[in-house]
Amino acid sequence: MNQGVCAFTGHRPGHFSFGYQEDHPDCVRLKTAIGQAVSSLVDRGVTTFISGMAQGVDLWAAQAVLRQREKQEDLWLIAVQPFLGQADRWPESLRQAYDDILFSSDERLCLHPAYTPSCMMERNRWMVDHAEVLLAVYDGSASGGTAATVRYAQSRKREIWLLDPKTLLLAQLRPPQEDDQLSFL
């Protein structure tokens with residue numbers, strides 16, 4: 001892979017057994033695995049990363065990119081906000097992390113001036129449409145935004161890397177076949 005672009009998708013903290021306890025050992029291990037996945041993608045030639053700035057995986061992955069950028073200055077981080085004020089109702093600690101990432105991002109894009117019922121999926125599709133690779137921290141559940149984003153990336157024939165949040169194994173999802181039936185939420 002030459003100079004590539006990778007987008008992130010994954011579950012919110014409430015989906016995991018540790019919830020919002022970022023100092024919980026399982027959360028620390030997951031964030032470490034995300035950092036290792038980012039490092040592997042950089043080794044494969046990815047230089048640009050796109051974060052949708054949601055709580056959990058999106059923010060953790062963006063933070064991993066920023067840490068990696070301390071060692072490799074040519075990495076680029078794009079922060080895609082689905083709407084202005086995305087973090088306004090978040091707890092202070094999460095808002096601070098969000099603001100720090102926005103400040104440190106090389107590019108910021110806001111898709112809507114206010115929340116709309118479809119803004120999150122529009123953000124996810126924008127990210128997939130502008131990336132060659134999708135890194136999904138995904139447990140295989142059939143419903144939800146992460147599942148829909150993985151299916152959309154399959155339909156767009158993107159390279160997809162799945163990080164299982166339980167086993168922390170990273171594996172490439174097979175490309176979709178001609179006769180695969182894909183559905184979108």
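Not measured: the values here are computed from a predicted model.

(A) Just the overall build of the protein chain, in detail. A count of helices and strands for the protein chain gives five helices and seven strands. Counting from the amino terminus, helix and strand elements in the protein chain follow one another as β-α-β-α-β-α-β-α-β-α-β-β. By the compact-globule yardstick of 16 Å for 185 residues, the protein chain fits well, its C-alpha radius of gyration being 15 Å. If you line up the protein chain on its principal axes, its C-alpha atoms span 45 × 40 × 35 Å. Residue burial in the protein chain is summarised as follows: out of 185 residues, 49% are buried. Charge separation in the protein chain, taken as the distance between the mean sites of 18 positive and 23 negative side-chain charges, equals 4 Å.

(B) Examining the pattern of salt bridges more closely. In the structure shown here, the tally under the stated rule is six salt bridges. Its salt-bridge partner being E22, residue K31 comes within 2.9 Å of it at the nearest N-O pair. Close ionic contact of E159 with R44 constitutes a salt bridge, the shortest N to O distance being 2.8 Å. Of the two residues, E159 is situated in strand 6 (residues 159-163) and R44 in the loop between helix 1 (25-43) and strand 2 (46-51); the sequence distance between them amounts to 115 residues. The exposure class assigned to R44 is partly exposed, which follows from its relative accessible area of 35%.

(C) Looking closely at helix 2 (residues 57-69). Relative to the 18 Å expected for 13 residues at 1.5 Å per residue, helix 2 spans 18 Å between its end C-alpha atoms, a close match to the ideal helical length. For helix 2, a buried count of eleven out of 13 residues is recorded, marking the element as mostly surrounded by other parts of the structure. Taken as a whole, helix 2 has its buried residues at V57, D58, L59, W60, A61, A62, A64, V65, L66, Q68 and R69.

(D) Structural detail: the sheet that holds strand 2. As summarised here, the arrangement of the seven strands in space is 4-3-2-1-5-6-7, forming an open sheet in which the pairing is mixed. Each edge of the sheet is formed by a strand with only one pairing partner; in this case those strands are strand 4 (107-110) and strand 7 (170-172). If you compare each strand with its neighbour and ignore which way they point, the axes differ by 20 degrees on average. Sheet strands in contact with helix 2 are strand 1 (4-10), strand 2, strand 3 (76-81) and strand 5 (133-137), and its direction is about 145 degrees off that of strand 1.

(E) Main features of the environment of Q81. Along the polypeptide, Q81 turns up in strand 3. For Q81, a relative accessible area of 9% puts it in the buried group. For the pair Q81 and L102, spaced 21 residues apart in the sequence, the C-alpha separation amounts to 9.4 Å. Not counting residues up to four positions away in its chain, the partners in contact with Q81 are Q86, Y98, L102, L109, C110 and L111.

(F) Geometry of the pairing of strand 5. For strand 5, a buried count of five out of five residues is recorded, marking the element as mostly surrounded by other parts of the structure. Bridging between strand 1 and strand 5 involves five bridges; their strand directions are parallel. Each bridged residue has a counterpart across the sheet, and for A7 the counterpart in strand 5 is L134. By the bridge criterion, five bridges tie strand 5 to strand 6 in an arrangement that is parallel. Opposite L134, over in strand 6, you have I160 as the bridge partner. In this fold, the crossover linking strand 5 to strand 6 by way of helix 5 (residues 145-155) has right-handed handedness.

(G) Highlighting the packing of helix 2 against helix 3 (residues 92-104). For the pair helix 2 and helix 3, interaxial distance at closest approach is 10 Å and the crossing angle is 45 degrees. It follows that helix 2 is oblique to helix 3 by the angle criterion. Here helix 2 and helix 3 pass one another in a crossing that is left-handed. Each of L59, A62, Q63, L66 and R69 in helix 2 lies in contact with helix 3, whose residues at this interface are L94, A97, Y98, I101 and S104.

Rules and cut-offs
- Note that residues are indexed from 1 along each chain, following the sequence as it is written.
- Selection of residues for local features in this predicted model requires a pLDDT of at least 70, selection of side-chain atom pairs for listing and counting requires 80 or more, and totals for whole chains, interfaces and linings are taken over all residues.
- Working from all heavy atoms in the structure, the side-chain values ignore hydrogens and water.
- In this description a helix means any DSSP run of H or I spanning at least four residues, a strand means any run of E spanning at least two, and both kinds are numbered starting from the N terminus.
- Note on method: radius of gyration uses C-alpha positions; expected globular size equals 2.2 Å times residues raised to 0.38.
- Exposure categories follow from relative accessible area, calculated using a 1.4 Å probe and restricted to protein chains: below 20% of the type maximum is buried, above 50% is exposed, and the middle band is partly exposed.
- In this count, Lys and Arg are taken as positive residues and Asp and Glu as negative ones, while His and the chain termini are left out.
- Note on charges: their place is set at NZ of Lys, CZ of Arg, CG of Asp or CD of Glu.
- The salt bridge definition used is simple: a Lys or Arg side-chain nitrogen within 4 Å of an Asp or Glu carboxyl oxygen.
- Expected span of a helix: the number of residues minus one, times 1.5 Å.
- Here, any two strands with at least 2 DSSP bridges between them count as paired.
- Angles shown run from 0 to 180 degrees and are taken between the N-to-C directions of axes, each axis being a line fitted to C-alpha atoms and, for helices, limited to the stretch in contact.
- Any pair of residues with heavy atoms lying within 4.5 Å of one another is described as a contacting pair.
- Looking down the strands as they point away from you, a crossover is right-handed if its path from the first strand over the helix to the second goes clockwise.
- In these notes the angle categories are as follows: under 35 degrees is roughly parallel, over 145 is roughly antiparallel, 65 to 115 is roughly perpendicular, and the rest is oblique.
- Crossing handedness is read from the near helix: turned anticlockwise from the far helix by less than a right angle, it gives a left-handed crossing, and turned clockwise, a right-handed one.

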